[in-house]
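Chain and residue survey
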Amino acid sequence: MPVEITWWGHATCTVEDSGTRVLTDPLFARRLAHLRRRRGAPPPAAAAVADVVLVSHLHYDHLHVPSLGRLAPGTRVLVPRGAPAQVPGLRRMDWLRLTEVAPGDEVTVGELTIRVVSARHDGRRLPVGPHRSPALGYVVEGAARTYFAGDTGLFDTMAEEVGAVDVALLPVGGWGPHLGEGHLDAGRAAQALAQLRPVSAVPVHYGTYWPIGMDAVRPHEFHDPGTDFVRLAAAAAPEVAVHLLAHGESVRPGVNR
């Protein structure tokens, strides 16, 4: 069965592999604090249907409690170790099957093996306070090996930890006019692609949310990261097929199996 990737916007994707639906960092809101969804309609109800959900870190645009609340009872949700202690809303979701994970862990769901890998990003729920939960990436291994990077900066052992993959879902932007430390922009994502050398890549985490009232502030940081990544990836890793998706669009990428 071909692997299918659907991008719903921001870091939210569905990966369908070997009869199992994997949902990443679900964020279905029209508005989140000072951010509004500026492009693409919110995902349909079907987007919340998943066998397993992967949460990369505790920031509100990646661990969004109301979006997790739309999941069906019994849905498996992998969260960074320590997340329930920091996010009271998680502890109240007793209809979900929460599993705390850390880099090096492996979880089996259906015919898939999900490997947990490191990310270089601030894993705290709030910008102050002790660092209690790691930021994570995930490698979903089934008919394909799909790397979901979450939020991360470049790091020396990325290719070693992630290993050989067929598809890379890489963040290429953000939700504001400036990216802080621990992020990939289009250029750094192209460098990551050159290290990872997957068969295919899909740029994510751009062109969806933007601060209210700031549409005219550095608008290229909202509109351009996807096309910039396509151009820079062609120079850095020309053998990789890059799929630039619209919100709600799907692709069946090639795999090296």
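Scroll up to find the structure this text is about.
Residues numbered from 1 in each chain as written. Predicted model: local features only at pLDDT ≥ 70, side-chain atom pairs only at ≥ 80, totals over all residues. Heavy atoms only, no water.

1. Some remarks on the overall build of the chain
- When its secondary structure is counted, the chain shows 7 helices and 17 strands.
- Counting only C-alpha atoms and orienting by the principal axes, one finds that the chain spans roughly 50 × 45 × 35 Å.
- The burial tally for the chain puts 54% of its 257 residues in the buried class.
- Of the roughly 10400 Å² of accessible surface on the chain, 52% is carried by carbon and sulfur atoms.
- A gap of 6 Å separates the mean positions of the 25 positive and 26 negative side-chain charges of the chain. (Helix = DSSP H or I, 4+ residues; strand = E, 2+ residues; numbered from the N terminus. Buried < 20%, exposed > 50% of the residue type's maximum accessible area, 1.4 Å probe, protein only. Areas by Shrake-Rupley, 256 points an atom, 1.4 Å probe, with all protein chains shown as cover. Lys, Arg positive; Asp, Glu negative; His and termini not counted. Charge placed at Lys NZ, Arg CZ, Asp CG, Glu CD.)

2. Notes on the sheet that holds strand β12 (residues 145–148)
- What the 7 strands build is an open sheet, ordered β9-β10-β11-β12-β13-β14-β16; its pairing is mixed. Each edge of the open sheet is held by one strand with a lone partner, namely β9 (106–109) and β16 (241–242).
- In terms of strand pairing, β12 meets strand β13 (residues 167–171) through 3 bridges, oriented parallel. Its bridge partner lying in β13, Phe148 is registered against Leu169.
- Strands in contact with helix α5 (residues 186–196) are β12, β13, β14 (200–204) and β16; relative to β13, the strand with the most contacts, it is inclined by about 160°. (Pairing = 2+ DSSP bridges. Contact = heavy atoms within 4.5 Å. Axes fitted to C-alpha atoms, helices over the stretch in contact; angles between N-to-C directions.)

3. Re the packing of aromatic side chains
- Using the criterion set out here, one finds 2 aromatic pairs in the structure.
- Ring geometry for Trp7 and Tyr206: centres 5.3 Å apart, planes at 15°, overall stacked. Highlighted residues: Trp7 in strand β1 (residues 4–9) and Tyr206 in the loop between β14 and β15 (209–211), separated in sequence by 199 residues.
- Assessed through its relative accessible area of 1%, Trp7 is described here as buried.
- Each ring, one from Trp210 and one from Phe222, has its centre 5.5 Å from the other, and the planes form 75°; the classification is edge-to-face. Pair noted here: Trp210 is in strand β15 and Phe222 is in helix α6 (residues 220–223), with a separation of 12 residues, a long-range link.
- Its end group placed over the ring of Tyr60, Arg125 keeps NZ or CZ at 3.7 Å from the ring centre. (Phe/Tyr/Trp six-rings, centres within 6.5 Å; stacked < 30°, edge-to-face > 60°. Lys NZ or Arg CZ within 6 Å of the ring centre and 35° of its normal.)

4. Digging into the side chain of Arg125
- Inspection of the secondary structure assignment puts Arg125 in the loop between β10 (112–118) and β11 (136–141).
- In this structure, Arg125 is buried with no salt-bridge partner, the nearest side chain bearing the opposite charge being Asp61 at 7.7 Å.
- At 2.6 Å, the side chain of Arg125 forms a polar contact with the backbone oxygen of Leu58.
- Side-chain polar atoms of Arg125 contact the backbone oxygen of Leu63, separated by 2.8 Å.
- Not counting residues up to four positions away in its chain, the partners in contact with Arg125 are Leu58, His59, Tyr60, Leu63, Val65, Gln86 and Val87. (Salt bridge = Lys/Arg side-chain N within 4 Å of Asp/Glu carboxyl O. Polar contact = N/O pair within 3.5 Å; in protein donor to acceptor, adjacent residues only side chain to side chain.)

5. Some remarks on the layout of surface pockets
- The computed volume of the largest pocket comes to approximately 460 Å³.
- Lining the largest pocket are 24 residues, with His59, Asp61, His121, Trp175 and His183 positioned closest to its centre.
- The residue makeup of the lining of the largest pocket, split by class, is 8 nonpolar, 10 polar and 6 charged.
- Estimates place the volume of the second largest pocket at around 190 Å³.
- Lining the second largest pocket we find 15 residues, and of these Leu179, Asp185, Ala186, Glu221 and Pro225 sit closest to its centre. (1 Å grid on protein atoms, 1.4 Å probe; cavity = no way out; pocket = protein on both sides within 12 Å on 5 of 7 lines; lining within 4 Å. Points joined across faces, edges and corners; volume = space filled by probe spheres on them. Nonpolar A, V, L, I, M, F, W, Y, C, P; charged D, E, K, R; others polar.)

6. A few points about the pairing of β11
- Of all 6 residues in β11, 5 are buried; the element is thus mostly enclosed.
- Alignment of β10 against β11, held across 6 bridges, turns out to be antiparallel. From the neighbouring strand, Ile114 faces β11, where its bridge partner is Val140.
- The pairing of β11 with β12 spans 4 bridges and is antiparallel. Its bridge partner being in β12, Val140 is matched across the sheet by Thr146.
- Connecting β11 to the antiparallel partner β12 that follows it, the hairpin turn spans 3 residues.

7. Structural notes on the sheet that holds strand β3 (residues 20–24)
- Taken together, the 7 strands give an open sheet; going across it, the order is β8-β7-β6-β3-β2-β1-β17, and neighbouring strands pair in mixed fashion. The open sheet has two edge strands with one neighbour each: β8 (97–101) and β17 (250–251).
- Where β1 meets β17, 2 bridges bridge the pair, whose relative direction is antiparallel. Bridge pairing in β17 places Ile5 opposite Val251.

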